[in-house]
Amino acid sequence: MDFALTDDQRAIQDAARAFADAELAPHSARWDEEKHFPVEVMKQAAEMGFCGIYTGEEHGGMALGRVEAALIFEELSRGDVATAAFISIHNMATWMIDRFGSDDLRARFVPDLVGMEKIASYCLTEPGSGSDAAALRTTAVRDGDHYVLNGSKAFISGAGTSDLYVVMVRTGGEGAKGVSAVVVEAGTPGLSFGAQERKMGWNAQPTAMVQFDDCRVPAANLLGEEGAGFRYAMAGLDGGRLNIAACSLGGARLALETAQDYVATRKQFGKPLGEFQALQFRLADMATDLEAARLMVLRGAWAIDVDHPEKTKWCAMAKRLATDACFQIADEALQLHGGYGYLKDYPLERIVRDLRVHRILEGTNEIMRVIVAREMAR
């Protein structure tokens, strides 16, 4: 058992950290305040290879493993959580097209996706089916060389801005086996979007409903086979959950570092806060929890890379533990700042707002417990 990173992994980690420090961190507060979606900066990330991290090399991806992806997303999210999280969603949707799409579909879309010339969104959740994702109601009825889509998707990152939407639809009967996946292009007649959601966090990316009203999509845009879409969606989410967990690591790391700097200089009762043992212990617990979360994320990433039979369980464990622990770390860091932590002059309140949703999306942490318990019973 070797916990050391390889030289290549360290180089990738260093490159991601340098990019985040130069291109994300200086603008994070403004993007949040102005609700700005930094597409041009994400295109710069694509030049680094960060928009096709584990997509195959044939169409321009980096073909790296999920361990490398976790390292990258931790560093990017230390610069800006919301932007890193969107890049992670784009990677998931791009990988699904590259992994399950036909040769023609891959050639049409993947090169532009890895270069961020086109932006992708992932569409699974619906107003009436969140945690019970297999109960989705958006339909796709075959009509000659097209599918006709009707229904809606909720809480879709990139909605109204993205160029491609990987959409899970019902082509068959009830349950998971009746679900397929299709790629819908922006501008398709019948595709429309709701108003932008007013959110607690993740303000640097747009979120809205996606609506389909007799939306005609070429049958050639089907991913893989009819009836396999739910399996594709869950395969995407194994990695997506790790990506979001890794984004939590970066946000929590910045919160911890900010708290360490603050208690070293802030004086109360005649001495720096960092000299009070009670606060030293709290920082020690925060650092320990962060390291434990990171190890769980890397173990889950390794499990995907080696196609371990228990990879889904370990990914669920990692997502549950990391997103819960990292939110608590950020909240503790805010508490250590007292009233200053509540001000936008410091990054803590933004980190807390951004990390809170990680415990909900890509499968709520309650559903992560359901997955783990189900796997334990086998």
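We now turn to the structure provided with this report. (Residues numbered from 1 in each chain as written. Predicted model: local features only at pLDDT ≥ 70, side-chain atom pairs only at ≥ 80, totals over all residues. Heavy atoms only, no water.)

The subject of this paragraph is the packing of helix H1 (residues 7–24) against helix H4 (residues 66–79). Interaxial distance between H1 and H4 falls to 8 Å at its minimum, and their mutual angle equals 20°. For the element pair H1 / H4, the angle class is roughly parallel. H1 and H4 meet at a crossing whose hand is right-handed. On H4, the residues that touch Gln9, Ile12, Gln13, Ala16, Arg17, Phe19, Ala20, Asp21 and Leu24 of H1 are Val67, Glu68, Leu71, Ile72, Glu75, Leu76, Arg78 and Gly79. (Axes fitted to C-alpha atoms, helices over the stretch in contact; angles between N-to-C directions. Helix = DSSP H or I, 4+ residues; strand = E, 2+ residues; numbered from the N terminus. Parallel < 35°, antiparallel > 145°, perpendicular 65-115°, else oblique. Left-handed = near helix turned anticlockwise from the far one by under 90°. Contact = heavy atoms within 4.5 Å.)

Extensive coverage of strand E5 (residues 179–185) is indicated by the burial of six of its seven residues. As paired elements, strand E4 (residues 164–170) and E5 share seven bridges and run antiparallel to each other. Each residue of the ladder has a partner; that of Val166, found in E5, is Val183. (Buried < 20%, exposed > 50% of the residue type's maximum accessible area, 1.4 Å probe, protein only. Pairing = 2+ DSSP bridges.)

Overall, the coordinates contain ten aromatic pairs when judged by the stated rule. Where Phe37 meets Phe86, the ring centres are 4.9 Å apart and the plane angle is 85°; that geometry is what we call edge-to-face. You can see Phe37 sitting in the loop between helix H2 (28–34) and helix H3 (39–47) and its partner Phe86 sitting in helix H5 (residues 81–100), a full 49 residues away along the chain. What makes Phe37 buried here is its relative accessible area of 13%. Judged by its relative accessible area of 0%, Phe86 is buried. (Phe/Tyr/Trp six-rings, centres within 6.5 Å; stacked < 30°, edge-to-face > 60°.)

A word on the pattern of salt bridges. The full count for this structure, using the stated rule, is 30 salt bridges. The salt bridge partner of Glu126 is Lys153, with a shortest N-O separation of 2.9 Å. Residue Glu126 is located in the loop between strand E1 (120–123) and strand E2 (139–143), and its partner Lys153 is located in strand E3 (residues 146–157); the two are separated by 27 residues in the primary sequence. The same class applies to Glu126 and to Lys153, which are both buried. The network of salt bridges with common partners includes Asp14, Arg17, Asp21, Glu74, Glu75, Arg78, Arg253, Glu257, Glu291 and Arg294. (Salt bridge = Lys/Arg side-chain N within 4 Å of Asp/Glu carboxyl O.)

We now examine H1. Taking 1.5 Å of rise per residue, 18 residues should cover 26 Å, and H1 covers 25 Å from first to last C-alpha, within 8% of that figure. By the burial criterion, the buried members of H1 are Gln9, Ile12, Gln13, Ala16, Phe19, Ala20 and Leu24. Here the buried residues of H1 occupy an arc of 130° about the axis, which is enough to place them on one side. Where the residues of H1 are buried, they touch H2, H3, H4 and H5. (Expected span 1.5 Å × (residues − 1). Arc of directions from axis to C-beta.)

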